[in-house]
Structure formats: structure tokens, C-alpha cells
Amino acid sequence: MGESLPNALTDEDKMLRQFFDFTPDLFCVASFEGKFLKVNPAVSNVLGYTEEELLQIRILDLIAEEDKEITSTSRDGIKEGKPLTNFENRYITKSGETVWLSWTSVPVHEHKYIFAIAKDVTERKKSEAEQQLLYQEIDRANKDLEHFARMASHNLRSPIANIMGLFDLIDYDKLADEDNANVVRLIKQSTEKVSDTLETYINSLIRKDGTSKLLLKELSLAECLNNVKQSLNSLIAQSEALIKTDFNAFNSVTFNQSYLESVLLNLLTNALKYRKPRQQAEVLFSTQINNGKKQLIVADKGLGFDMEKAKGRIFGLNQTFHTNHDAKGVGLFLVKKHITELGGDISVDSTKDVGTRFTITFP
């Protein structure tokens, strides 16, 4: 029995040594004066210095200039008995690169040293920085777009009202040609639709300013699509479009009506504009339930585009993928914004000269 204890201790020492050497986390023991006393291989791998070099360098000399003051303050707190958890700072490697480390440290006062464990969180910090830049860009684009919407709404209101007034002056009985009279009536109908839509947008902006919330209600996809088709009746007739629907999976969604009709309008307009030359446009609106989520599919057999070339730009502002003179790159940006603002998502799959398929997942 007396000889078994040393063997057990030796095995435990070996096990602890293996854990110290082979863990991917950075383990070290440091003095209260800010020098490494012991480091594991992960510290050398991340910082690029040998263990011998690290034992000779002041820890503060390895830290990025911007983080030296807060690191010194935190180390003073540890010496006063305050454990440190999830403390993140930047280190400069031997090759000059910057790495982010997240530390958890505890003091051992009787020996005046510190046990510390760190994780390399460089990739996460890079991702966070990229996301922050993206959020800033989206915020800037949203503000620009909202400013444009307010300005356009204000500037369009008067001329549309004037046009509506001119229609009231027309005596349809004096139009000898019935075909011309019907054309005028269709123009009036379309103008009234534009006027109603414009007023809806203006009221939505006013309500949003007052409450910062959009009005949500149960909507019929079929009814919203019919409203959109009425506003596009000339373009639909011109392209001889075949528009099919299959709403058997579901027909109702809880959404903002202006946003939903804007989404349908932009997707249908794109399908009609980017149809194959000298071919009838075909568009299918259908619904499905996927993992308990309601999804609307909008698929066409048009020109399509190269997904690889358009990667990362499909829903960007002012991004175009065809040479049409009237392509502005605003429609898909609006579609994405409307859907994501209410907690939904949209994806796209497209093949050049085969067609495009949008999948909208409702919140």
C-alpha cells in the first residue's frame, strides 16, 4: 500500500501534463510583475514565439497599444483578488499580425502568480466587425431610401392630383371612338391605383414616425396578388403573360399589406421585364409549409442570371444583372428590406436562360 501512492501521483502528474500540453486553449502561469512563468504549446502556436522567447518578454510588450492601459488595470484588479472572466484584448504576434484573446484568470496570492486560460477569438471578432460594417451600410441605405421615399411621395402627390383633375374634365360621351374611350378609362383606372398606393405609402410613413411599428393583419395572398395584377394589367397584356397560382398549402399570412403588395409587385414586374425575347412570360405563385414555416414561391421561366457572378449582390441597392435600360437595382433591395424588417427571410435560385425562383419564408 505504501508504494502505490507515488505511482498514483506520478500517473496524475502525467495526465495533468498531457492536458496542459495538448489542449487547444492557451494555458499559462504569469507572475504578478507581468512575466510568463510557464506556457503551453498553444501559446507559442498562436503568438509565434518559442516558449524560451516568451519567458523573456514582458507580457505588456506583446499587447496592442490600444489595449495596454485596460490590460494593466485589469491585471491590478487580479492582484487585488478580483478574478477575471471573458476579458478580451489584442496581442501582436511575432509576424506582426493581430490576434484577439479572451482570458479567464485567477490569482494565487501565496505564490504571487496568476493562472490564466485564453481562447483565440480572432475569427469571431473579425466576423463581428464585418457585421457591424454591414449593419452600418444597411442603416445608411435604409435612411437614404426612406429619405427618397419621403421626397418622392411629396413630389408626386401634386402632379398625380392634377392628372386626376384632368380626367374629371373629360366628357367621355364626346369621344367618338369607343376604343380610345376605353384606353382613357384604363389610364384613369391606373392613375387612381397609383394615387391610392401613394397615399397608402405616405400614411404608412406617418404611422411609422408616430409608433415605429407597422400595421400587421391577416392577408389573402390571392387578393393581394389580384391588386398587383390590376396595377400591371398593361404590362401583363403586352407580355401575354401566363400567371398561375397554387395556394393550396395556405392562402393567408400575417403581414403588412403595403409591404406584401410591394414584394409581389417587384417580383412580378421583374419576371415580366426579364422574360425571354419573343416568348410568353410564365410565372407561378405557390405556397408550401417547410419545417412548420409558411413559404411563398415565385418562379418564372425567364432569362435568369449567373448566381456565381451575382453572389453577395443579389439584394443590394443599385445592383443590376441585365442590360435593360430601365433596370435600376432597387426592386430586389426593397423586397429584401420589406421581408427582413418583419422577421422573414428570402432566398433565390437562378440559372441563366432557364429561370429564377424566389422563396419567401414568413415569420
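Residues numbered from 1 in each chain as written. Predicted model: local features only at pLDDT ≥ 70, side-chain atom pairs only at ≥ 80, totals over all residues. Heavy atoms only, no water.

A. Spatial organisation of the overall build of the protein. On a plain count of helices and strands, the protein comes out with 12 helices and 12 strands. Counting across all 363 residues of the protein, residues that qualify as buried make up 36%. Taking the intrachain contacts of the protein between residues at least 6 apart in sequence as the baseline, contacts between residues at least 24 apart amount to 58%. Accessible surface for the protein amounts to roughly 22,100 Å². Of this, 53% is attributable to carbon and sulfur atoms. (Helix = DSSP H or I, 4+ residues; strand = E, 2+ residues; numbered from the N terminus. Buried < 20%, exposed > 50% of the residue type's maximum accessible area, 1.4 Å probe, protein only. Contact = heavy atoms within 4.5 Å. Areas by Shrake-Rupley, 256 points an atom, 1.4 Å probe, with all protein chains shown as cover.)

B. Region of the structure containing the pattern of salt bridges. Across all of its chains, the model carries 15 salt bridges by this definition. The residue glutamate 51 makes a salt bridge to lysine 38 at a minimum N-O spacing of 3.5 Å. A residue pair is termed long-range when its members are at least 10 positions apart, and glutamate 51 in helix α3 (residues 51-56) and lysine 38 in strand β2 (residues 36-39) qualify at 13 residues. Notably, a salt bridge pairs lysine 126 with glutamate 123, separated by 3.9 Å at the nearest N-O pair. Linking lysine 126 with glutamate 123, this pair stays in helix α6 (residues 122-169), spanning three residues, or about one helical turn. (Salt bridge = Lys/Arg side-chain N within 4 Å of Asp/Glu carboxyl O.)

C. Summary view of helix α10 (residues 257-273). Compared with the 24 Å implied by 1.5 Å per residue over 17 residues, the 24 Å span of α10 between its first and last C-alpha is a close match. The buried fraction of α10 is high, at 14 of 17 residues. Its side-chain oxygen at 3.2 Å from the backbone nitrogen of serine 258, asparagine 256 defines the N-terminal cap of α10. (Expected span 1.5 Å × (residues − 1). Polar contact = N/O pair within 3.5 Å; in protein donor to acceptor, adjacent residues only side chain to side chain.)

D. Just unusual backbone geometry, in detail. Of note in the backbone geometry, lysine 112 takes a positive phi value of approximately 55° without being a glycine. Not every positive phi belongs to a glycine, and asparagine 291 is a case in point at roughly 55°. Looking at the secondary structure, you find asparagine 291 in the loop between β9 (282-290) and β10 (293-300). You can call asparagine 291 exposed: its relative accessible area is 77%.

E. Fine view of the packing of aromatic side chains. This model, assessed by the stated rule, comprises five aromatic pairs. For the ring pair phenylalanine 20 and phenylalanine 27, a centre distance of 6.1 Å and an interplane angle of 65° mean the geometry is edge-to-face. Exposure class is identical for phenylalanine 20 and phenylalanine 27. Each is buried. Ring pairing ties together the aromatic residues Phe250, Phe255 and Phe362, which thus form one cluster. One residue, lysine 125, lies across the ring of tryptophan 100, its end atom 4.3 Å from the ring centre. (Phe/Tyr/Trp six-rings, centres within 6.5 Å; stacked < 30°, edge-to-face > 60°. Lys NZ or Arg CZ within 6 Å of the ring centre and 35° of its normal.)

F. Region of interest: the nonpolar core. Of all hydrophobic cores here, the largest spans 36 residues; its most connected members are Leu260, Leu268 and Phe285. Of all the elements, α10 adds the most residues to this core, at eight residues. Aside from chain neighbours lying at most four places away, what touches leucine 260 is Leu219, Leu221, Cys224, Val253, Phe255 and Phe362. (Core = buried A, V, L, I, M, F, W, Y, C linked by side-chain atoms within 4.5 Å.)

G. Geometry of the environment of glutamate 240. Position of glutamate 240 relative to the elements: it lies in the loop between α9 (233-239) and β7 (242-246). The exposure class of glutamate 240 is exposed, given its relative accessible area of 56%.

H. Structural view of the sheet that holds strand β3 (residues 84-92). Strands sit in the order β2-β1-β5-β4-β3 across an open sheet of five strands; the sheet is antiparallel. At either margin of the open sheet sits one strand with a lone partner, and together these are β2 and β3. Within this sheet the neighbouring strands show an average axis-to-axis angle of 30°, counted without direction. As paired elements, β3 and strand β4 (residues 98-108) share seven bridges and run antiparallel to each other. By the bridge assignment for β4, arginine 90 is matched with tryptophan 100. Running over the sheet, helix α5 (residues 68-79) touches β3, β4 and β5 (113-120) and is turned about 145° from β3. (Pairing = 2+ DSSP bridges. Axes fitted to C-alpha atoms, helices over the stretch in contact; angles between N-to-C directions.)

I. A look at the sheet that holds β10. Taking strand neighbours across the sheet as the criterion, the five strands line up as β7-β9-β10-β12-β11 in an open arrangement whose pairing is mixed. Whereas interior strands pair on both sides, the edge strands pair on one side only; in this sheet they are β7 and β11 (345-351). Pairwise comparison of adjacent strand axes, ignoring direction, gives a mean angle of 15° for this sheet. Sheet topology places β7 next to β9; five bridges connect them, and they run parallel. Counted as the bridge partner of isoleucine 243 is valine 283 from β9. Packed on one face of the sheet, α10 meets β7, β9, β10 and β12 (355-361) and runs near 135° to β9.

J. Here's a closer look at the packing of helix α8 (residues 221-231) against α10. Where α8 meets α10, the axes come as close as 9 Å, and the angle between the chain directions of the two elements is 55°. Our classification of the angle between α8 and α10 gives oblique. At the point where α8 passes α10, the crossing takes the right-handed sense. Contacts between α8 and α10 involve Leu221, Cys224, Leu225, Asn227, Val228, Lys229 and Ser231 on the former and, on the latter, Gln257, Leu260, Glu261, Leu264, Leu265 and Leu268. Its residues placed into classes, the contact of α8 with α10 shows eight nonpolar, three polar and two charged. (Parallel < 35°, antiparallel > 145°, perpendicular 65-115°, else oblique. Left-handed = near helix turned anticlockwise from the far one by under 90°. Nonpolar A, V, L, I, M, F, W, Y, C, P; charged D, E, K, R; others polar.)

K. Focus on the confidence of the model for the protein. For the protein, per-residue confidence averages 80 on the pLDDT scale, and residues scoring 70 or more make up 80% of the total. In the model, residues 1-9 has pLDDT below 50 throughout and makes zero contacts with residues more than four positions away in sequence or in other chains. Ignoring residues within four places in sequence, the model shows residues 321-329, a span with pLDDT below 50, making 20 contacts including any to other chains. (pLDDT = per-residue confidence, 0-100.)

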